Each structure stands twice: as C-alpha cells, then as structure tokens.
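Survey of secondary and tertiary structure
What follows is each chain in one-letter form.
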Amino acid sequence: MSVFDQMLARYDGLENENKNAIYEIMQEIILAGLYRGGFFNKAAFYGGTCLRIFHGMSRFSEDMDFSLIQADEDFNFEEYFPAIINEFNAVGKDVKISKKEKKTFGRVESAFLKDSTATYDLKFQTEKSIKIKMEVDIDPPIKFATEQRLLLLPYSFMTRCFVLPDLYAGKMHALVFRNWKQRVKGRDWYDFEWYVRNGVKLNFNHLQERIRQFDGIEMSKEEFMNKLKERLASTDIAVVKRDVLPFIKDSEELLIWSNDYFLQLANMVKFE
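The notes below deal with the structure included here. Each chain carries its own residue numbering, running from 1 in the direction its sequence is written. Local features in a predicted model are, by the rule used here, given only for residues with pLDDT of at least 70; side-chain atom pairs are given and counted only at 80 or more, and totals for whole chains, interfaces and linings are based on all residues. Note: side-chain values were computed over all heavy atoms of the structure, leaving out hydrogens and water.

**Overview of the overall build of the chain**
Under the scheme used here, helices are H or I runs from DSSP no shorter than 4 residues and strands are E runs no shorter than 2 residues, and both carry numbers assigned from the N terminus. A count of helical and extended segments in the chain gives 10 helices and 9 strands. Burial classification: accessible surface area is computed with a 1.4 Å probe over protein chains only, and a residue below 20% of its type maximum counts as buried, one above 50% as exposed, and the rest as partly exposed. Counting only residues that meet the buried cut, the chain has 53% of its 272 residues in that class. Whether two residues are in contact is decided by their heavy atoms: any pair within 4.5 Å suffices. Within the chain, contacts between residues separated by at least 24 positions form 69% of all contacts whose residues are at least 6 apart in sequence. The accessible surface values rely on the Shrake-Rupley method and a 1.4 Å probe; as for residues, cover is taken only from the protein chains in view. Summing over all exposed atoms, the chain offers an accessible surface of approximately 13,300 Å²; the carbon and sulfur share of this is 46%.

Listed below in structure tokens is the structure:
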C-alpha cells in the first residue's frame, strides 16, 4: 500500500467524504513539505484546518492559514514551493503551485496548490482538480504563543501551531469582523461552538491585537461581547447551516442550532 493510500485508509470511504478526505491528505502533505523546507522555523499554522488536523474537530476544512512568528516584509513564500512539490512527488503525485494576486489580501501572500490530474484512480475521480488556498500573514498581530504538534504521516514530523487560546482568538476575530459580502461563513460558527464545548479559554490580548491591526479600533471585552452577540442574534441561521453542511458527516449536529442557542454559547465564553 502506498503512503497516499495508507493515509486515505484512515477514512471510511463514503462517497460524499472522498473529496474532503483527499483535501485533508493533501493538506498534511503540504505541512510535511513545509516542515522539510524549514518553514516552521519562521512561521506557525493556525485557523480551522489546524483545529481539524491537530485537535480533532469534526468538520473538514479547505484553506490553510499561516503566520510568520515575526514580521518580515521581505518574506518569500515561493522559496518553499520546491519542498512542497518534492513531498507530493515522493507519494507519487504531481502538483502545480501558482501565486494568486488579489488586492484584498493586503499583507497576506496567497498561493493556490492544484492537483494537476483530475483522477487519482477510479475511486478518486473528480470533475475538477483539487485546489487548496494557502495564506501567509507576513506582518502578524503579536501576543500569541505557539507549540509543536506531531503528525505521523506521510512521515513523522512536527508542525509549529498557535496554541488553542490564540487559535480561538483568531476565530472569534473572523466570526465578528469577517466581511461576508454575499456569503455567511457558517464554519466560523461551528468552530466557535467547538471552542465553547471544549472549555477553551480565549486569549483576549491576542484578539485585541488582531482587532487593532486589522480593523484599526480599540475594543474592551464588554464591547467585543456586545458586538459578538449582535452578530449572533441578527444572522439568518439557515444560511449559517447551509455553509457548513458540506464539511460535516452528521447533519443532526445542526438540529439544535438557532440564534438563541448561539447567544447562550456566547454567555459561556471564558477568558484567560
């Protein structure tokens, strides 16, 4: 059995889970390549995909978010692309990486990783190539801590990750301040529920730094909680559910979801 097949064998093989499983395997191979290239000497992993891979959150995740440990305007993410490509070659897969130019990214460098073949084999055939967006914040908000987390496949390696209270801070910033335009990101709500259920404490100092840097305002805990509750109360919960459904196995998890349910979760938020 190949390493790729060994990684895929961890999943139950349901047809509707195949694409999510392949996304996740590719994400883990990306992390392995970045580790081998020395990326985590300078940067850390955060966001929903980090929560999924290293903390067992039930929902799948698409994008990969990274942050430099210290600001570096001259940082060149493309230096690490050969290491990622070599890691995929080692498991028998060819990928192409291209820079995505998008004015709204600001300080964030973005790249897209594409599987260059539409078919892995008959079981993995897809109409479109798998595409994973990677973002690196080269001028990160401060006051966060990191830790080393272990993965065993495609080989044993460490990934530098934000600690949970700071992952929580990043998610709460996204939940309250994300510019939704025409699309509510229900995955933010799912992650918020996960943090509350698991009793994670929120690092408000790092959250304040994110608000300061991204939004240019000062905000107390009380002001933030009021803004959070305003968003939780006013959003169409049906739209929230619709966004997260493709990323979870059991839709019954969402039966209890209502605006009132999330307002009660907000009352359970704990701070460090």
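The discussion continues.
**So, helix α7 (residues 204–215)**
Multiplying 1.5 Å by the helix residue count minus one yields the expected span of that helix. In this model, α7 (12 residues) spans 15 Å end to end at C-alpha, consistent with the 16 Å of a helix rising 1.5 Å per residue. Looking only at α7, the buried set comprises F204, H206, L207, E209, R210 and I211. In the core, the buried residues of α7 are packed alongside β1 (43–46), β7 (157–162), α5 (164–177), β8 (201–202), α8 (221–234) and β9 (270–271). Pairs of N or O atoms within 3.5 Å make up the polar contacts considered here, provided that, within protein, one atom can donate a hydrogen while the other can accept it, and that residues adjacent in sequence are counted only when both atoms are side-chain atoms. You can read the cap of α7 off the contacts: a side-chain oxygen lies 3.1 Å from the backbone nitrogen of N205, and it is on N203. After α7 finishes, the residue G216 shows a positive phi value of roughly 70°.

**Overview of the packing of α5 against α7**
Inter-axis angles, ranging from 0 to 180 degrees, are taken between N-to-C directions of lines fitted to C-alpha atoms, where helices are fitted over the stretch in contact. In contact at an axis separation of 9 Å, α5 and α7 are set at 40° when each is read in the N-to-C sense. Here α5 lies oblique to α7, going by the angle between them. Between α5 and α7 lies a crossing of right-handed hand. Residues D166, A169, G170, M172, H173 and F177 of α5 touch α7, and the partners they reach there are H206, L207, R210, I211, F214 and D215. Angular relationships are summarised with four words: roughly parallel below 35 degrees, roughly antiparallel beyond 145, roughly perpendicular across 65 to 115, and oblique for the angles in between. In this scheme the handedness of a crossing depends on how the near helix is turned from the far one: anticlockwise by less than a right angle means left-handed, clockwise means right-handed.

**Overview of α8**
A rise of 1.5 Å per residue sets the reference length of α8, with its 14 residues, at 20 Å; its end C-alpha atoms lie 20 Å apart and thus fit the reference within 8%. Of the residues making up α8, those classed as buried are F224, M225, L228 and L232. All buried residues of α8 project into a common sector of 95° when viewed along the axis, lining one side. When the buried face of α8 is taken as reference, the exposed residues oriented beyond 90 degrees from it are E222, N226, E230 and S234. By arc we mean the arc of the directions from the helix axis to the C-beta atoms, nothing more.

**Let's talk about unusual backbone geometry**
The linkage connecting L153 with the following residue, P154, adopts the cis geometry, with an omega of 10°. Within the element layout of this structure, P154 appears in the loop between β6 (146–151) and β7. One non-glycine residue, K143, adopts positive backbone phi at about 65°. Assignment of secondary structure puts K143 in the loop between β5 (131–137) and β6.

**Some remarks on the packing of aromatic side chains**
Any Phe, Tyr or Trp ring, taking Trp's six-membered ring, that has another such ring centre within 6.5 Å forms a pair; planes under 30 degrees apart are called stacked, those over 60 apart edge-to-face, and the others tilted. Taken as a whole and assessed by the stated rule, the structure comprises 24 aromatic pairs. Ring centres 5.4 Å apart and planes at 85° place the aromatic pair W194 and Y195 in the edge-to-face group. Taken as a pair, W194 and Y195 share a single burial class, namely buried. Aromatic side chains F204 and F271 sit 5.8 Å apart centroid to centroid with 85° between the ring planes, which places their arrangement in the edge-to-face category. Highlighted residues: F204 in helix α7 and F271 in strand β9, separated in sequence by 67 residues. Judged by its relative accessible area of 23%, F271 falls in the partly exposed class. Pairwise contacts between aromatic rings join F39, F40, F45, F54, F66, F75, F77, Y80 and F81 into one cluster. Look at NZ for Lys and CZ for Arg. If either is within 6 Å of the ring centre and within 35 degrees of the ring normal, a charge sits over the ring. The ring of Y155 has R36 sitting right over it, with the charged end atom 4.1 Å from the ring centre.

**Focus: the pattern of salt bridges**
Salt bridge, as applied in this entry: a Lys or Arg side-chain nitrogen positioned within 4 Å of an Asp or Glu carboxyl oxygen. Taken as a whole and judged by the stated rule, the model has 16 salt bridges. One salt bridge connects E28 with R10, and the closest N-O pair in it is separated by 2.6 Å. Of this pair, E28 sits in helix α2 (residues 18–36) while R10 sits in the loop between α1 (3–8) and α2, and the two are 18 residues apart along the sequence. The class of E28 is buried, set by a relative accessible area of 3%. Taking the relative accessible area as the measure of exposure, R10 reaches 43% and is therefore partly exposed. A single network of salt bridges, built from pairs that share partners, joins R59, K171, R178, D188 and D191.

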